[in-house]
Structure formats: structure tokens, C-alpha cells
Amino acid sequence: EDQVTQSPEALRLQEGESSSLNCSYTVSGLRGLFWYRQDPGKGPEFLFTLYSAGEEKEKERLKATLTKKESFLHITAPKPEDSATYLCAVQNTGANSKLTFGKGITLSVRP
Amino acid sequence: ETGVTQTPRHLVMGMTNKKSLKCEQHLGHNAMYWYKQSAKKPLELMFVYNFKEQTENNSVPSRFSPECPNSSHLFLHLHTLQPEDSALYLCASSQGSGPNQPQHFGDGTRLSIL
């Protein structure tokens, strides 16, 4: 059974204080690892898909990396508007399209 | 309108009521999904439809009944719900099921069961 564990559960940063969010996973065969951002009262918003170990993707202050066991979402010089819950999900190489999600990491960035 | 639209945004119902949640996607996608999101728990996949055909039912109780009349519309019919069914219900759509076709979510219906 696929599993996704995200840590820490919550993270409070000062504006400009860089940090990383962790997503550890076990999957029979990785088809893709996804990062989403979710704001309060909103649905998850797609950020990145990573396919294989060593891959990196960037978007503004966010950079996602992938190894065979975990993914990191690095946040460089965060701003208050980066405050949100960040969700990680994996899709295995099975025939269906099921995503297995972690519980998410709630990030708060203080001005 | 663009993206994935869900109505209503909030719903309060008694355990004996019957209600329906609606989802509409304007992205031209052919796959649609229902998820349940409860506090402190990961998103749980409920149902998957591809080209109007149900391809996955993730052991969901029969008090939840999905309907997909076409590739743009998805409904979730609710009856005789339990208090533990109170949650945020999210609809998503994608163009196919591969990882290079990510799922796009609506803003959900917040359901409260009295």
C-alpha cells in the first residue's frame, strides 16, 4: 500500500527565513509525485509534478526536489502570501489514476 | 467561467435528508473525481469517472451515490448520512490519468451533518 508522510505538521517562519518541507513516501513504483498548495476555504492548487530521482522544478520562491524515498519543497525568502497548507501526493505505476496524499504541512510566514 | 466549479459551497443537512452536490469543469477534461477531506486526515479518493464511466469506487458507503451524465458534470447524491460524514467534499478533473496530466480541484462543498 502506498504511503505518504509529511513533516513537520506545521511550520512558522519569519519573512525571509528560508526552509524546507519534507515528504517521505513508499510506493510500489513511482509514476509521479505531486505538490499542491491549499489556501483556507479553497481547493488544492497544483504546483509541480516530479517523475524521477534527481529531478528538480522551480516556481518563484519554491523549488521541489525528488529522491527515491522523499521529496523536499524548498522555500527561499518566503513572504506572508506563501502561508498555506502544502500537500504532497504520489501516483503509482498501476493502471488507475489514484493519488495517495499526505496530511499536509501548514506553513505560516510572519511579516 | 473557468476551472472547476462546485455548488453549493456550504451545506447543512439532517441525517434523514437527501441532497446533491454538483461539480462542473470548464477545462475540457475527460476524467472527474470526488474526494473527501476531513480535518487532520489526508484527502481520501471516493470515486473516479473516465469518459462518464465509473472506473473506481474506493469502498465508499452506499449512502453516497455518484452520477456523471457527461464529461463536464459530476454529482454526488447524499442520503441518510452520518455525523462522521461531515467534511469538505472536493471535486477534481484531469485530462487522462497520467502524471503529466495533473488533477485540478474545485473549492469544495463544506458539508455539516446535524
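Preceding this paragraph is the structure being described.
All of these numbers come straight from a predicted model, not from anything done at the bench.

The rules behind each value
Residues numbered from 1 in each chain as written. Chains lettered and ligands numbered in written order. Predicted model: local features only at pLDDT ≥ 70, side-chain atom pairs only at ≥ 80, totals over all residues. Heavy atoms only, no water. Helix = DSSP H or I, 4+ residues; strand = E, 2+ residues; numbered from the N terminus. Rg over C-alpha atoms; globule rule 2.2 N^0.38 Å. Buried < 20%, exposed > 50% of the residue type's maximum accessible area, 1.4 Å probe, protein only. Contact = heavy atoms within 4.5 Å. Areas by Shrake-Rupley, 256 points an atom, 1.4 Å probe, with all protein chains shown as cover. Lys, Arg positive; Asp, Glu negative; His and termini not counted. Charge placed at Lys NZ, Arg CZ, Asp CG, Glu CD. Disulfide = S-S within 2.5 Å.

Asks: Before we move on, could you go through the overall build of chain A and cite the residues and values that matter?
Replies: Across its full length, chain A carries zero helices and 11 strands. Sequence-ordered secondary structure for chain A, helices as α and strands as β, is β-β-β-β-β-β-β-β-β-β-β. Its C-alpha radius of gyration of 14 Å places chain A within 12% of the 13 Å reference for a compact globule of 111 residues. Seen along its three principal axes, the alpha-carbon backbone of chain A occupies a region of about 45 × 30 × 20 Å. Looking at chain A residue by residue over its 111 residues, the buried ones come to 46%. A separation threshold of at least 6 residues defines the contact pool for chain A, and within that pool the share at least 24 residues apart is 54%. Here chain A has roughly 5,400 Å² of accessible surface; of this, 47% comes from carbon and sulfur atoms. A distance of 2 Å separates the average location of the 14 positive side-chain charges in chain A from that of its 14 negative side-chain charges.

Asks: Talk me through the state of the cysteines; I want residue IDs and the actual numbers.
Replies: Applying the stated criterion to the full structure yields two disulfides over all chains. A sulfur-sulfur separation of 2.0 Å characterises the disulfide bridge that pairs C23 of chain A with C88 of chain A. Looking along the S-S bond of the C23 of chain A-C88 of chain A disulfide, the torsion reads about -65 degrees, which is the left-handed sense. Pair noted here: C23 of chain A is in strand β3 (residues 19-26) and C88 of chain A is in strand β9 (residues 84-92), with a separation of 65 residues, a long-range link. The exposure class assigned to C23 of chain A is buried, which follows from its relative accessible area of 0%. C88 of chain A gets classed as buried once you look at its relative accessible area, which sits at 0%. Disulfide pairing is shown between C23 of chain B and C91 of chain B; the S-S distance is 1.9 Å. Here C23 of chain B and C91 of chain B share a disulfide; its torsion about the S-S bond, -75 degrees, makes the bridge left-handed.

Honestly, that's just the spatial picture; any functional story needs more than this.
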